[in-house]
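Architecture at a glance
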Amino acid sequence: MIEVNQTTENNYLLITVEGEADASSSIELDKQIREAMDSDAKSILVDCTNLNYISSAGLGVFMSYIGEVNDKAITFIIFGLSEKVAKVFSILGLDQLLTIKNTKEDAQAEINGL
Amino acid sequence: MKLKPTPKFYLRTALAVGTLLWLAKTLLDVTLSIAEASGLEMESGSENLSKTLEAFFFIAFLIYYRLRIDKAESNNFVDLIWRVFAIGLVTTITALIIDLFTSSIADTKLGELPYLAKFLFNINELLISLFLISTFIVWKKLILYQKSKRLLIWWNIFELTLVASIFFYLTGLILQESLIFQILYGVMTIMGLLLSANLKWVAYLNFKQKWKSILLVLLITIYLFYFFITVYIEPADDQTFANIGSLFVVSLFTFLMFYSLFSLLVILFNLPTSSVFEKKMEEAINFQRLSQSIQQGENEHQIFDVLLNSAMSAVYADAGWIEILRDTEEPELRSRNISRANISKVRAQIAQSKSKSVLKSPLEKASDRDRVLVTLRKSNFKSVLIIPIEVKGEISGYMYLLNELTDGFNKEMINIINTFVSQASISVENFRLMGEALENERYKEELNIAKSVQRALLPDTLEHDDRFEIHGFTQAAQEVGGDYYDTFRLGEHKFAVVIGDVSGKGTSAAFHMSQMKGIFQSLAQLNLPAKDFLINANTALSNCLEKTSFITLSYFIIDTEKRTLEFSRAGHCPTLYYSKKENASKFFQNKGLGLGILRNDRYANFVEVNQMEFEKGDILVLYTDGISEAANSESEEFGYERLQNLLDQNSHYDPVMIQKVCISKLYEFCGNKDLDDDYTMVVIKFN
């Protein structure tokens, strides 16, 4: 199961993803990211500190927004990935297309640095 | 050829025998009366002979009517009574004609012929006997309707006694003079009376049938009286009774008359309450309709409609509706005798009403599972009954029943409604369960198809030459994954080897896998370098794949002449390579991006290709993430290091052995858990 929450903080939209992103929960994840993309937020941070597992379905969700993020010039940063999950992202090569940071501070710095 | 006696044969025999006996008797009587008139002395036995013939005549016709009426399966009571009435009518008319004829010739010469009177009397006797016997058989059928064992025994005793009494004439006693006769008659009358209390068949007549029966039974009773008079009161002397010599006939008369009278009275007195019984029957039928399982192709609506109709007719409701809660905001409505607008009005009034009583025991807590009785003052409908419909423990909807009278619903009615609702709930639950079961079946079918597609796509033989050995292994999971491996001979000494993993599971993964195979088999023919292969594959797949699907791939070109290995990793798990020279294995660390993630020209920027030379004894291990991510019961993953260590330890073996060792260690690690992803491995050892 997955739990996804969104809040607005400072100058960005924070999405917190907790649990497991598999085939059944990817629908919920997709819905939340869609909502975030439809809002006016220029920066979106995704907190994956408590994301235990991600399957190809979950990866597919993130992957499907890459184009849109680039087109709309939205800053989209994923942070807090566990070693296991980060490895999955890097094997697939998504770390070359999505901005991945270690900590929230790093992510905030990235936004403010722009 | 032996003639098999059929029932029809017995019927006809009985009829023939009976008729013959009557004819014989008549002949005898006529002869006797002529002889008497002529003053001839006849043997004393001839009276007895006549009576004997009569006795057997009775028996013959008892058998005949038994076969004719008793065996007929019809339980149509009015039909049976009508038959009796018809016979009675014929008999009466004949008797009347004879009567008329007799009185008209009374003063003529013809009237003095003794044998004519005897003859006519015998005709009467025949018809009356037939009437009595047939009525007896029909009355038997009515009495034995829904019989118990006890009743059957008593009846058989009665019937036996009656048949035995046919032969009582042999004693020559007369009712008016003999005590024994009287006692026996009394006993038989009492038996007949007790048996006459069995009138269950009356309850099953509907209103119209009851009226018909009253008429018929009344007339039959009249006939019986008329015949009694005809037989036992001499036409000449209206006041005196003839000697009653036949115990059988007189007992029969008495019994039949009593039963007719009883039936008449009982039907009459049951008229006012017949509607209640009919209603109960209707309820039982409705209940049965509710409990019938819904056939495929029908839907839930039908159960709710039947429920509403049955409930409304059972309690004389003037209108009603059922609200079925669905996922949509507005509940689904099935209504009768009331429009949607009025439904909203009534609901508003219910919400405002202060006289609501909840029907439950005072000890239970209030909840929405309560049945509620509401009294409305300002509406057309003065009383409302609200019943929740529960399916699988959850409230599925509510039924509202409306009555224009106050206090329109009593306890009895509410009980009936409860049984209807329970039954409807069960039917709906069954219907939904069946739907789920069918869904499951369909899903399983899909999985099977996906599996067989996947199996068919993997190659039977792997291309190689004598410079390297190659062995592939795959173990499919319950939920079909999307593992794929293949080879292609690019040239005399050049081979393409590919391993891939399609994202997702089930039929869509199988489809994408077949697309990948097609793309590989086509592109490989072009003998492209690894980079171009991947770029082209990415372009081809960009058009095929679903929005959130991708394929990871590792592509190898083995040149056995130059002893080179060209490889590229498109997002797939890092390949493991054992170097004999270094006696150690390591994972290739090249960058890459899965296919179908970047669906434009930019993909080319993410393709990294490496080249190296291989030596004898070097080993290449290709695998999918099913192996690296395989978890044991403590959620620990098999991981990359274990694989690496296994290869180091088993590098001296051939590919088949290496694969077997790895997989068995994998199984050992995972324990008895079910696979949730495919295990695929391709081992290449260079010679």
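Residues numbered from 1 in each chain as written. Chains lettered and ligands numbered in written order. Predicted model: local features only at pLDDT ≥ 70, side-chain atom pairs only at ≥ 80, totals over all residues.

Turning next to the overall build of chain B. From N to C terminus, chain B includes 18 helices and 16 strands. Within the span of chain B, comprising 687 residues, buried residues form 33% of the whole. Considering only contacts within chain B whose residues lie at least 6 apart along the sequence, 71% involve residues at least 24 apart. (Helix = DSSP H or I, 4+ residues; strand = E, 2+ residues; numbered from the N terminus. Buried ≥ 20, exposed ≤ 12 C-beta atoms within 10 Å, placed from the backbone. Contact = placed C-beta atoms within 7 Å.)

With that out of the way, let us pick up the overall build of chain A. Regarding its fold elements, chain A presents 5 helices and 5 strands. Of the regular secondary structure in chain A, the N- to C-terminal order runs β-β-α-β-α-α-β-α-β-α. Buried positions account for 39% of the 114 residues belonging to chain A. Considering only contacts in chain A between residues 6 or more positions apart, those separated by 24 or more positions represent 70%.

What follows is about the sheet that holds strand 2 (residues 12-21) of chain A. Residues and elements named next belong to chain A. Sheet architecture is open: 5 strands sit in the order 1-2-3-4-5, paired in mixed fashion. In this open sheet, the two strands that pair with only one neighbour each are strand 1 (2-9) and strand 5 (99-101). Within the sheet, the average angular offset between the axes of one strand and its neighbour, ignoring direction, is 20 degrees. Of the strands in this sheet, strand 1, strand 2 and strand 3 (43-54) touch helix 1 (residues 26-38), which is tilted by about 15 degrees from strand 1. (Pairing = 2+ DSSP bridges. Axes fitted to C-alpha atoms, helices over the stretch in contact; angles between N-to-C directions.)

All names here are of chain A. Burial within strand 4 (residues 75-79) is extensive, with 4 of its 5 residues counted as buried. Bridging between strand 4 and strand 5 involves 3 bridges; their strand directions are parallel. Note on strand 5: the bridge partner recorded for isoleucine 77 is threonine 99. Once you follow strand 4 into helix 4 (residues 83-92) and on to strand 5, the crossover reads as right-handed. (Right-handed = clockwise from strand over helix to strand, strands pointing away.)

A word on the interface of chain A and chain B. Listed per partner, the contact involves 12 residues of chain A and 17 residues of chain B. Those elements that place two or more of their residues in the side of chain A that touches chain B are helix 2 (56-64) and helix 4 of chain A. Top element by residues in the side of chain A that touches chain B is helix 2 of chain A. It accounts for 6 residues. Residue classes in the side of chain A that touches chain B are distributed as 7 nonpolar, 5 polar and no charged. (Nonpolar A, V, L, I, M, F, W, Y, C, P; charged D, E, K, R; others polar.)

Moving on, we get to helix 18 (residues 655-670) of chain B. Residue and element names in this part refer to chain B. Look at helix 18: 22 Å from first C-alpha to last across 16 residues, which is about the 22 Å you get at 1.5 Å a residue. Among all positions of helix 18, only Pro655, Ile658, Gln659, Cys662 and Leu666 are buried. Viewed end-on, helix 18 has its buried residues packed into an arc of 95 degrees, placing them on one side of the element. Helix 18 presents Ser664 and Glu668 as exposed residues on the side facing more than 90 degrees away from its buried surface. The elements touched by buried residues of helix 18 are strand 7 (468-475), helix 16 (625-628), helix 17 (639-649) and strand 16 (679-686). Glycine 671 occupies a position one or two residues after helix 18 and carries a positive phi of about 70 degrees. (Expected span 1.5 Å × (residues − 1). Arc of directions from axis to C-beta.)

With that out of the way, let us pick up the confidence of the model for chain B. Residues and elements named next belong to chain B. Confidence in the prediction for chain B averages 85 pLDDT; 93% of positions are at 70 or higher. Here helix 4 (residues 109-112) is the element of chain B with the lowest mean pLDDT, 67, and strand 10 (residues 551-559) is the one with the highest, 95. Interface confidence in the predicted complex, given as ipTM, is 0.92; pTM for the same model is 0.56. (pLDDT = per-residue confidence, 0-100.)

To continue, consider the environment of threonine 92 of chain B. All names here are of chain B. Turning to its location among the elements, threonine 92 is positioned in helix 3 (residues 77-104). Spatially, the C-alpha atom of threonine 92 lies 8.5 Å from that of isoleucine 128, the residues being 36 residues apart in sequence. With sequence-adjacent residues up to four places away left out, threonine 92 is seen in contact with Tyr223 and Tyr226.

Further remarks concern the pairing of strand 13 (residues 584-587) of chain B. Where strand 12 (residues 576-579) of chain B meets strand 13 of chain B, 4 bridges bridge the pair, whose relative direction is antiparallel. Within strand 13 of chain B, the position partnered with tyrosine 577 of chain B by the bridge is lysine 586 of chain B.

Residues and elements named next belong to chain B. At asparagine 337, a position not held by glycine, the phi torsion is positive, near 65 degrees. Within the element layout of this structure, asparagine 337 appears in the loop between strand 2 (332-336) and helix 12 (340-352). With a phi close to 55 degrees, asparagine 527 is a non-glycine residue in the positive phi region. Inspection of the secondary structure puts asparagine 527 in the loop between helix 14 (506-524) and helix 15 (530-544). Judged by C-beta crowding, with 14 C-beta atoms within 10 Å, asparagine 527 ranks as partly exposed.

Among the nonpolar cores identified, the biggest contains 98 residues, and Val17 of chain A together with Val621 of chain B are the most heavily contacted of them. The contacts of valine 621 of chain B, once residues within four sequence positions are left out, are Thr575, Leu576, Leu647, Met681 and Val683 of chain B. One finds Ala60, Val249, Phe253 and Leu256 of chain B within the second-largest nonpolar core, a separate group that totals 54 residues. (Core = buried A, V, L, I, M, F, W, Y, C linked by C-beta atoms within 7 Å.)

Bringing helix 8 (residues 207-232) of chain B into the picture now. A rise of 1.5 Å per residue sets the reference length of helix 8 of chain B, with its 26 residues, at 38 Å; its end C-alpha atoms lie 38 Å apart and thus fit the reference within 8%. Along helix 8 of chain B, the residues classified as buried are Ser213, Leu216, Val217, Ile220, Tyr223, Leu224, Phe227 and Val231 of chain B.

All names here are of chain B. Orientation of helix 13 (residues 411-457) relative to helix 14, taken along the N-to-C sense of each, is 20 degrees, at an axis distance of 8 Å. With respect to helix 14, the axis of helix 13 lies roughly parallel. The handedness of the crossing between helix 13 and helix 14 comes out as left-handed. Every residue of helix 14 that contacts helix 13 at Glu446, Leu447, Ile449, Ala450, Val453, Gln454 and Leu457 is listed here: Gly506, Thr507, Ala510, Met513, Ser514 and Lys517. For the contact of helix 13 with helix 14, a count of residues per class yields 7 nonpolar, 4 polar and 2 charged. (Parallel < 35°, antiparallel > 145°, perpendicular 65-115°, else oblique. Left-handed = near helix turned anticlockwise from the far one by under 90°.)

This paragraph deals with the packing of helix 11 (residues 300-314) of chain B against helix 13 of chain B. Residue and element names in this part refer to chain B. Packing of helix 11 against helix 13 leaves a shortest axis separation of 10 Å and a crossing angle of 175 degrees. The orientation of helix 11 with respect to helix 13, classified from their angle, is roughly antiparallel. Residues Glu300, Ile303, Leu307, Ser310, Ala311 and Ala314 of helix 11 touch helix 13, and the partners they reach there are Met413, Ile416, Ile417, Phe420, Val421, Ala424, Ser427, Val428 and Phe431. The residue inventory of the contact of helix 11 with helix 13, partitioned by class, reads 12 nonpolar, 2 polar and 1 charged.

The subject of this paragraph is the environment of alanine 117 of chain B. Residues and elements named next belong to chain B. Tracing the chain through its elements places alanine 117 in helix 5 (residues 114-143). For alanine 117, a count of 17 C-beta atoms within 10 Å corresponds to the partly exposed category. Alanine 117 sits 84 residues away from serine 33 along the chain, and the two C-alpha atoms are 9.4 Å apart.

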